[in-house]
Amino acid sequence: MPSRELDRGAVTGAPHAAGTVAVRPDADPAPSSILAERASRFVSADDRSDSVIAAILANRPTATVVHAEVAEDVPHIVKIRGFSLHYGEKQALHDVSLDVPVGKVVALIGPSGCGKSTLIRCVNRLNDLIDSVRTSGVLTIGETSVLGPETDVIGLRKRVGMVFQKSNPFPKSIFENVVYGLRIAGEGRRSVLREVCERSLREAALWDEVKDRLDESALQLSGGQQQRLCIARAVATRPEVLLMDEPCSALDPVATAKVEELIGQLRGVYTVMIVTHNMQQAARVSDYTAFMYLGRLVEYGPTEAIFQNPRCRDTRDYVTGRFG
Amino acid sequence: MSDSTEPSHLDRATPAPAGARVATRRSVLLLDRAMSLIIRLGGIGIIVAVLGIFVFILWQILPLFRGAAVELASSGRAPPGARLMLVDEWSERPGFLGADGTLTFIDLVGDAPAESIDLAGRVGAQITAAHLRPTTGTIALGLEDGSFALADVNYRAEFDDGRRRVVPEVNVGAPIDLGGGRGRVLDVDYGDSGRDKVAAAIVEVEGKLEVRAVVLTQRRTLVGAGRIEVRGAFDATPLVGGTPKAVLASSKGDSFLVVTDEGEIDYFFAVDSGFELRQRFSPFEDQPDPRISMAEFIFGDVSLALVGVDGTNRVFSLFVPEGQSVRTWGRTKQFPPLPGPVSAYTKSTRTKAFLVVAGSLASLRFSTTESIRWQEELPFAPRLVAISGKNDRILFVDESSRLHVYALSDPHPEASWRAFFGRIWYEGADRPGFEWQSTGGTDDFEPKLSMVPLLIGTLKGTFYALLFAVPIAVSAAMYASQFAHWKVRAFVKPLMEVMASLPSVVLGFLAALWLAPIIETRVPSVLLMLLLIPSAGVVLGLLWSAAPVAVRNRAGLFGELTVLLCGLLVAGALGWIGGPLLERLVFTVPDPAEPGRRIADFRLWWPAFTGADFQQRNSLVVGFMMGFAVIPIIFTIAEDALSNVPQSLRSGSLALGASRWQTAVRIVLPTASAGIFSALMIGLGRAVGETMIVLMATGNTPIMDFNIFSGMRTLSANIAVELPEAPHHGTLYRALFLGAMLLFLMTFAVNTVAEVLRQHLRERFRTI
């Protein structure tokens, strides 16, 4: 016990005492008391030598378990290597490495605050909107580096679509919402816009519901329709990667089912990274699943393997509902 | 563990009875009730206060739109056969000139016996004509021997035992010969400006009518006014076009008019050698019967009230017609016709009102506003009429010599819808127009109370202030909320709020004494800067977007800001330095002293080029300074509105590959439009009501143009300027309240429209 107390002091005290904000695998976003409480729970139950908590408390770097199926499923469109992120003094992502195969659906699961959303918001550099964010490591889409000062962020975002947790249709007509991406790219031909609008709405399985009222305000649609409209808006520019940040968390079960069905249809056409809280959803829609915990990527592999036969204890505890 | 020693917040041992546990304490209930009452009272109080102000202002301006109130006060008996009536200021001792030449004063309030003065005896000849000038109380008496005399009636107020007694005093001058042959004087009039005096008369000599005029002088010595002497006599008979019927001598002492039976008026004006016939006009030439029933001056003697034999009523005024150089008479007003020729006439000695009687119809008319103040069919046919000096009594004498005294209450004759909002042909003007000039140097000044120049001035000031403020404030708000680094924003917003707290009198002071003299000589610089600074912004933006991504990303937002600020500073400096150069190249006028040379001076160039004025305290200065006052208000509200646009919308747009500018313009701006709109409206309201800056930084001239280099007078500044001149409950006092009401209504209308539009916009851009 005394040694653990000492360790905890080292974990929390180190970054402040050193006064440094450099990437430190042992700097932790969670308050130390919570960490200790969790640790005591695990340690008293069982030997948790391979758990993330134990690694943090032992001031030991955590390892990511990557199943061979993922590494073999090439080509990879999104490559993340040794990626870390700080919000000011706090480190939110620790040395994350993750490759996303082309045309597949990758689900990011994990308890709240584990950094899933932060990670996918880095893929299109939307975290730039938050002041005081600093990143390190490598993140590429295709051959393009996403981080780094030479990146044309606007061009990057045209290649990466995003659907948000809360539907966010613009206060414009349905038509204008869908073609927004084309409009800002300078496309003005009515015929092209009409064609893209119809294709995107069909892809988002919304065409039949709204084809007679394209000029009405998008805000008059129901919540589920609004979310599918946002998907249509995201796919209108034919992005290479589609990021979805808990797209169904604000939807009722019927609407959720429709969106999930839609994701199933998008599979193969677009590479999808989806963050979800709902493990059944991850199991239903994704090809691969990545489990994140406390800012670390713990396990990454085929969805079936993660849910049926996880190799890490934390993953097993999480997918079986022992915490989260 | 330490937990066990701490007392538990749930004491399960002795649970209180349910009633006591759930009961709310009395003090809580009392406080709740008291506070809701106080809050309700406060809310209702504010509504009542605003409504109260509205009602009070309305109460102050309502009397302006009421007509004259006239009612019978008393009646009495006048001496029989009177040909002329005059009345004192207090209407206590009216005087009557009888056919026999006696002037009889009766007492209307006391019981003093009638007092008679034999004027004919004093002048030593029979009186054949008499003409009263009510303003001075002078009666010109025409005598049987072709001469005339002046009788001055002065009323003196004596007080004994605190009671007022009005005592008439009559001074009769020696008869003055009109020159020419001897005969009966049929009509005479006398005008006196103090320096120049003129008398005109129609004399019947051996069956022929002659028109004569004399110019008089009065030597003034240390001991007082001396004798009146004739300086020259003039026979106008050969020049008169028809049979003379009546003469009118102007109180300016420089001219007289001859009215003929044929319906023409000849206007004679004094020149060195006597008089010249300056104008002959026929005021009713378009009527079937052009003859004139009555022609008399209106107070001030620059307007003539004329009635034709058919009852047509017109007013002619003296003005300089466009393209001419001397004043002549021209028609300015047309009143509703009277039923027939005029039987009695009088005029007010304070205002431009005149009273005409035709048969038994009496009509009190106001020349300036072309309105009938009061009109009534009387139960008798008046033969003589007079208005008291205080403008509060009308005296009528009927055919049977009964005297009827009417109380007159008409405190605001100059006011009417037309006077405030319509075009009016003022005396001396060559066309109808909108004018504000509430007070003048002379008693016979005609107040000009048009609100239109003030409204125009208010709009002008507001327009230029917003023209300057809106682009800057809205762009600044957009920059602060959408583009700036949060550190910049944290610095800019409080700074703007400090700017809003600058007292406007300080801004006005700065504008008038510091900015105006600088801008006056540096207009080309200012123009150049207005052109260069925005274009520098655009050019820098283009260059910046052409720069490599790496450079831009490395510079960051602070680097961007630095580059932009330096660019703008350089552009401003260039404009400032380049101004005089531009002036030398473009804004030059020929030098009047040295032909062939040109002077580079914008102040001379602007009037020469546009024909408009250039003044030091002009709208440009007001625009800058009032803009300075309005910018923080618009900025603060607009910045809030822009910042309140949900982050999810911005993210959504940015995630689709929109640039910051595209996101700001296509998503943020429309979504925040309701808030920005109310920011503009509140800024507008502030600019409309702003007083000190416009008061100090403009010339306060009530002009009606949108020339940027001239001043203005706004409604609010007008109230501040004129308040010391406005006697309590006077017409000007109430007119100022009308200006306040207009301000109130303008702000109210602006706010209402703004609120309706804002609700509409908010409904349209409502985000979930």
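Anything mentioned here points back to the structure above.
Just so it is clear, the structure is predicted and the values come from calculations on it, not from any experiment.

A.B. asks: Which parts of the structure should I look at to understand the overall build of chain A?
C.D. replies: When helices and strands are counted, chain A shows 15 helices and 11 strands. Counting the 324 residues in chain A, one finds 53% classified as buried. Sequence-distant contacts, at least 24 apart, represent 69% of the contacts inside chain A between residues at least 6 apart. By element, 51% of the accessible surface of chain A is carried by carbon and sulfur atoms, the whole surface being about 13,400 Å².

A.B. asks: Help me understand the packing of aromatic side chains in this model?
C.D. replies: The geometry of an aromatic ring pair is captured by two quantities: the separation of the ring centres and the angle between the planes. Enumeration according to the criterion identifies 35 aromatic pairs over all chains in this entry. Here the aromatic rings of Y267(B) and W329(B) are separated by 5.8 Å at their centres, their planes lie at 80°, and the arrangement is edge-to-face. Here the residue Y267(B) occupies a position in strand β17 (residues 265-271), and W329(B) occupies one in strand β22 (residues 328-335), the gap between them amounting to 62 residues. Each member of the pair, Y267(B) as well as W329(B), is classed as buried. An aromatic cluster is present here, built from F587(B), F602(B), W605(B), W606(B), F609(B), F614(B) and F709(B) joined pairwise through their rings. Lying over the aromatic face of F175(A), R194(A) brings its terminal NZ or CZ to 5.2 Å of the ring centre. One residue, R522(B), lies across the ring of W576(B), its end atom 4.2 Å from the ring centre.

A.B. asks: I tried to follow helix α13 (residues 660-671) of chain B on my own but got confused; where do I start?
C.D. replies: Residue pairs three or four apart in sequence face the same way in an α-helix, which turns once every 3.6 residues. Inspection of α13(B) places Q662(B), T663(B), A664(B), I667(B), V668(B) and T671(B) among the buried residues, and these make up the whole buried set. Where the residues of α13(B) are buried, they touch α8 (180-184) of chain A together with α5 (452-483), α11 (619-643), α12 (647-655) and α14 (673-689) of chain B.

A.B. asks: Looking at this structure, how should I read the pattern of salt bridges?
C.D. replies: Opposite charge on two side chains lets them pair, provided their charged atoms get close. Residue and element names in this part refer to chain B. Evaluated as defined, the whole model comprises 47 salt bridges over all chains. D301 serves as the salt-bridge partner of R133, at 3.3 Å between the closest nitrogen and oxygen. Taken together, the residues R133 in strand β6 (residues 127-133) and D301 in the loop between β19 (292-298) and β20 (303-308) connect sequence positions 168 residues apart. R133 gets classed as buried once you look at its relative accessible area, which sits at 10%.

A.B. asks: Help me understand the pairing of strand β9 (residues 163-172) of chain B, please; the structure alone is not making it clear to me.
C.D. replies: Walk down a regular strand and you will see the side chains alternate between the two sheet faces. Residue and element names in this part refer to chain B. Bridge count between strand β8 (residues 147-160) and β9: 10 bridges; the pairing is antiparallel. Considered in β9, the bridge of A157 is made with V166. Here β8 folds back onto β9, and the loop between the two strands holds two residues, one of which, D161, carries a positive phi near 60°.

A.B. asks: Any chance you could explain the interface of chain A and chain B here in plain terms?
C.D. replies: A common way to state how big an interface is: give the accessible area lost once the parts meet. With 28 residues of chain A at the interface, the matching set in chain B holds 28 residues. Here chain A and chain B share an interface that buries about 2,400 Å² over both sides, 63% of which is from carbon and sulfur atoms. Between the two partners, chain A and chain B, sit zero salt bridges. Inspection of the chain A/chain B interface yields five residue pairs in polar contact (both at pLDDT 80 or more). Elements with a contribution of two residues or more to the side of chain A that touches chain B: α6 (153-159), β7 (160-163), α8 and α11 (223-235) of chain A. Tallied by class, the residues present in the side of chain A that touches chain B amount to 14 nonpolar, five polar and nine charged.

A.B. asks: Which parts of the structure should I look at to understand the packing of α12(B) against α13(B)?
C.D. replies: The packing of two helices is summarised by the inter-axis angle and the distance between the axes. Residue and element names in this part refer to chain B. With their axes 10 Å apart at the nearest point, α12 and α13 run at an angle of 145° to one another. Judged by the twist between their axes, the crossing of α12 over α13 is right-handed. On α13, the residues that touch L649, R650, S653 and L654 of α12 are R660, T663, I667, V668 and T671. Partitioned by chemical class, the residues of the contact of α12 with α13 number four nonpolar, three polar and two charged.

A.B. asks: Please clarify how the nonpolar core should be interpreted in this entry.
C.D. replies: What tends to happen in soluble globular proteins is that the nonpolar side chains get buried as a cluster. F420(B), W436(B), M451(B), I519(B) and F602(B) are the most contacted members of the largest nonpolar core, which has 89 residues in total. At 14 residues, the largest contribution of residues to this core is made by α11(B). Those residues in contact with M451(B), other than ones at most four positions away along the chain, are F420(B), F421(B), W436(B), L715(B), A735(B), L738(B), G739(B) and L742(B). Of all hydrophobic cores here, the second largest spans 55 residues; its members include V178(A), W207(A), F291(A) and Y293(A).

A.B. asks: Is there a simple way to explain empty space enclosed by the protein in this structure?
C.D. replies: To find leftover empty space, a probe the size of one water molecule is rolled over the atoms. Residues and elements named next belong to chain B. With the rule as written, the count across this model stands at five cavities of 30 Å³ or more. Put simply, the largest cavity is a space of about 50 Å³. In terms of lining residues, the largest cavity is bounded by S250, K252, D254, S255, Y267, F269, F297, D301, V302, L318, R327 and W329. Taken together, the residues of the lining of the largest cavity break down into six nonpolar, two polar and four charged.

A.B. asks: What is the right way to look at the side chain of R758(B) in this model?
C.D. replies: All names here are of chain B. Its place among the elements puts R758 in helix α17 (residues 731-764). Overall, the relative accessible area of 17% leaves R758 in the buried class. Sequence-distant contacts of R758, that is, excluding residues within four places in its chain, are made with A674, F677 and S678.

A.B. asks: Looking at this structure, I do not really get a nonpolar patch on the surface. What am I missing?
C.D. replies: Residues L502(B), V505(B), V506(B), L510(B), W514(B) and F628(B) make up a contiguous nonpolar surface patch of about 480 Å² in total accessible area. Considering the arrangement of structural elements, one finds V505(B) in helix α7 (residues 504-521).

A.B. asks: Looking at this model, I keep getting lost on unusual backbone geometry. Mind explaining?
C.D. replies: Generally, phi is negative for residues other than glycine and the peptide bonds are trans, each holding for most cases. The residue E246(A) is not glycine, and still its phi comes out positive at about 45°. Note that E246(A) resides in the loop between β8 (241-245) and α12 (253-266). The phi torsion at N700(B) lies on the positive side, around 60°, for a residue other than glycine. When you line up the elements, N700(B) lands in the loop between α15 (692-697) and α16 (715-722). A relative accessible area of 13% places N700(B) in the buried class.

Each value, and the rule that gives it
- Residues numbered from 1 in each chain as written.
- Chains lettered and ligands numbered in written order.
- Predicted model: local features only at pLDDT ≥ 70, side-chain atom pairs only at ≥ 80, totals over all residues.
- Heavy atoms only, no water.
- Helix = DSSP H or I, 4+ residues; strand = E, 2+ residues; numbered from the N terminus.
- Buried < 20%, exposed > 50% of the residue type's maximum accessible area, 1.4 Å probe, protein only.
- Contact = heavy atoms within 4.5 Å.
- Areas by Shrake-Rupley, 256 points an atom, 1.4 Å probe, with all protein chains shown as cover.
- Phe/Tyr/Trp six-rings, centres within 6.5 Å; stacked < 30°, edge-to-face > 60°.
- Lys NZ or Arg CZ within 6 Å of the ring centre and 35° of its normal.
- Salt bridge = Lys/Arg side-chain N within 4 Å of Asp/Glu carboxyl O.
- Pairing = 2+ DSSP bridges.
- Buried area = accessible area lost by both parts, 1.4 Å probe.
- Polar contact = N/O pair within 3.5 Å; in protein donor to acceptor, adjacent residues only side chain to side chain.
- Nonpolar A, V, L, I, M, F, W, Y, C, P; charged D, E, K, R; others polar.
- Axes fitted to C-alpha atoms, helices over the stretch in contact; angles between N-to-C directions.
- Left-handed = near helix turned anticlockwise from the far one by under 90°.
- Core = buried A, V, L, I, M, F, W, Y, C linked by side-chain atoms within 4.5 Å.
- 1 Å grid on protein atoms, 1.4 Å probe; cavity = no way out; pocket = protein on both sides within 12 Å on 5 of 7 lines; lining within 4 Å.
- Points joined across faces, edges and corners; volume = space filled by probe spheres on them.
- Patch = residues over 30% accessible without salt bridge, like charges linked within 9 Å, V, L, I, M, F, W, Y side chains within 5 Å.

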